[in-house]
Amino acid sequence: MAELIDNEPGRYGDRRPTRDQVIGRIADHIADRRPGHPLRVAVDGITAAGKTTLARALAAAVGERGRAAIHLSMDGFHHPRAHRHRQGRDSAIGYYQDAYDFPAFARSVLVPLGPGGDHRYRSRIIDLASDQAIDEPPVTAPADAVLVVDGSFLQRHELAGLWDEVVFADTSFPVARRRGTRRDTQLFGSTAAAEHAFDHRYHAACRHYLAEVDPAAWATIVVGNDDLDHPVLRRIDGEHTGTGHPHTFRT
């Protein structure tokens, strides 16, 4: 059954667990898993949930535990800009459907690192800033490597059955909106423009994702990430007994 960490009295005494303690607990769990191929870990969540920061810290912590750790971002697997914006620059459903090239990511990364794969993966297929395609030679991952990938919509059907663990960074929309608009104000030219993008495109798409997939329910690990200094480890090693869900996280 799922392990509900924040309900365990005495684990950290009377103190709230620190970020390092929570990340260390997850890293211990991940570093112990050896499925016979590189372990494929998703760090999922809404836009500006803190996924990239969490993924970097988790990969570093796994490396400190003696496992080769690879951190990738879905930024390197976007569709070209013309494809991303083909339904309109402000389209939420366009962002949800057209932002990422999930089939290419599966072919280039998750399948070769999975059971029976040759361990040869590509770290990116596009430079997001220049919108230029990249054709770099594949890299060979060690057989016991841990791949940590941060991105949005990582439990979409295109990636079903291709993750060994899924960490969901559970951040509320108001907190993520404040983080994201502060981060992207310069990119959009003003705070108002960044807020408009989050309200009408990014977070509108994320609400569609939450309604369609219910990603927190199906993640194996859930981290309450509103407070970056004191995240809450809500579930780890989740095992779901319900039937009919298309996602499989165990190999």
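Going by the structure above, here's the rest.
Now for a look at the structure at hand. The shown structure was predicted, so the numbers you read here are calculated from the model rather than taken from an experiment.

### Here we look at the overall build of the protein
If you tally the helices and strands in the protein, you get 8 helices and 10 strands. Within the protein, the proportion of its 251 residues that are buried is 50%. If you take every contact in the protein between residues at least 6 apart in sequence, the share linking residues at least 24 apart comes to 73%. Carbon and sulfur atoms make up 50% of the accessible area of the protein, which totals about 11,500 Å².

### Section: the pairing of strand β7 (residues 146-150)
Within β7, 5 of the 5 residues are buried, which leaves it mostly tucked inside the rest of the structure. Every second residue of β7 is oriented toward a common face, with V146, V148 and D150 on one face and L147 and V149 on the other, all of them buried. As paired elements, strand β1 (residues 39-44) and β7 share 5 bridges and run parallel to each other. In the strand pairing of β7, R40 is matched with L147. Across 5 bridges, strand β2 (residues 69-73) lies against β7 in parallel orientation. The residue bridging S73 from the neighbouring strand is D150, located in β7.

### Things to note about the pattern of salt bridges
Under the criterion given, the structure shown has 15 salt bridges. E165 is the salt-bridge partner of R33, the closest N and O atoms lying 3.1 Å from each other. Placement of the pair is R33 in the loop between α1 (19-31) and β1 and E165 in strand β8 (residues 165-170), with a sequence separation of 132 residues. Shared partners join several salt bridges into a network, and the residues in it are R81, R84 and D131.

### A few points about the nonpolar core
One broad rule of soluble globular proteins: the nonpolar side chains tend to lie buried together. Counting 66 residues, the largest nonpolar core has I26, L58, F105, F153 and W163 as its most contacted members. Take this core: its biggest share by element is 7 residues, from helix α7 (residues 191-213). If we ignore the near neighbours within four places in the chain, the residues touching F105 are M74, F77, L110, V149, L159 and W163.

### Regarding the sheet that holds β1
Spatial ordering of the open sheet is given by β2-β7-β1-β8-β9-β10, a layout of 6 strands whose pairing is mixed. Where the open sheet ends on each side, the last strands, each with one partner, are β2 and β10 (232-235). Direction aside, the axes of adjacent strands within the sheet are offset by 20° on average. Looking at chain direction, β8 and strand β9 (residues 221-224) are connected through 4 bridges and run parallel. Residue pairing in the sheet places F168 in a bridge with V222 of β9.

### Points about the side chain of R179
Among the secondary structure elements, R179 is positioned in helix α6 (residues 173-188). Buried charge without a salt bridge: R179, with D226 as the nearest opposite-charge side chain at an N-O distance of 5.2 Å. Setting aside anything within four residues of it in sequence, one finds R179 in contact with A48, A49, G50, T171, N225, D226, D227 and L228.

### Brief notes about α6
Think of an α-helix as 3.6 residues a turn; residues three or four steps apart then line up on the same face. For α6, with 16 residues, the first-to-last C-alpha span of 19 Å runs short of the 22 Å given by 1.5 Å per residue. The largest bend along α6 reaches roughly 35° and is located at R182. The secondary structure elements touched by the buried residues of α6 are α7. Once α6 finishes, G189 follows within two positions and takes phi at roughly 100°, a positive value.

Reading the values: the criteria
- Residue numbers restart at each chain and count upward from 1, following the sequence in its written direction.
- Note on the predicted model: pLDDT of at least 70 is required for a residue's local features to be given, and 80 or more for side-chain atom pairs to be given and counted; whole-chain, interface and lining totals, by contrast, use all residues.
- Excluded from the side-chain calculations are hydrogens and water; all other atoms, namely the structure's heavy atoms, are used.
- Secondary structure elements are taken from DSSP: a helix is a run of H or I of four residues or more, a strand is a run of E of two residues or more, and numbering for both begins at the N terminus.
- Burial classes: relative accessible area under 20% of the type maximum marks a residue as buried, over 50% as exposed, and values in between as partly exposed (1.4 Å probe, protein chains only).
- Contacts: residue pairs with any heavy atoms within 4.5 Å of one another.
- Only the protein chains shown count as covering a residue, and every accessible area follows the Shrake-Rupley method with a 1.4 Å probe.
- Paired strands are those between which DSSP finds at least two bridges.
- Any Lys or Arg side-chain nitrogen located within 4 Å of an Asp or Glu carboxyl oxygen qualifies as a salt bridge.
- Throughout this description, the term nonpolar core refers to a set of buried Ala, Val, Leu, Ile, Met, Phe, Trp, Tyr and Cys residues connected via side-chain atoms within 4.5 Å.
- Each axis is a line fitted through C-alpha atoms, taken for helices only over the stretch in contact, and angles between the N-to-C directions span 0 to 180 degrees.
- The positive count covers Lys and Arg only, the negative count covers Asp and Glu only, and His and the chain ends enter neither.
- How far a helix is expected to stretch is found by multiplying one less than its residue total by 1.5 Å.
- The term bend refers to the angle at a residue between two fitted axes, each drawn through seven residues, those ending there and those starting there.

Read these as geometric descriptors, not functional statements.
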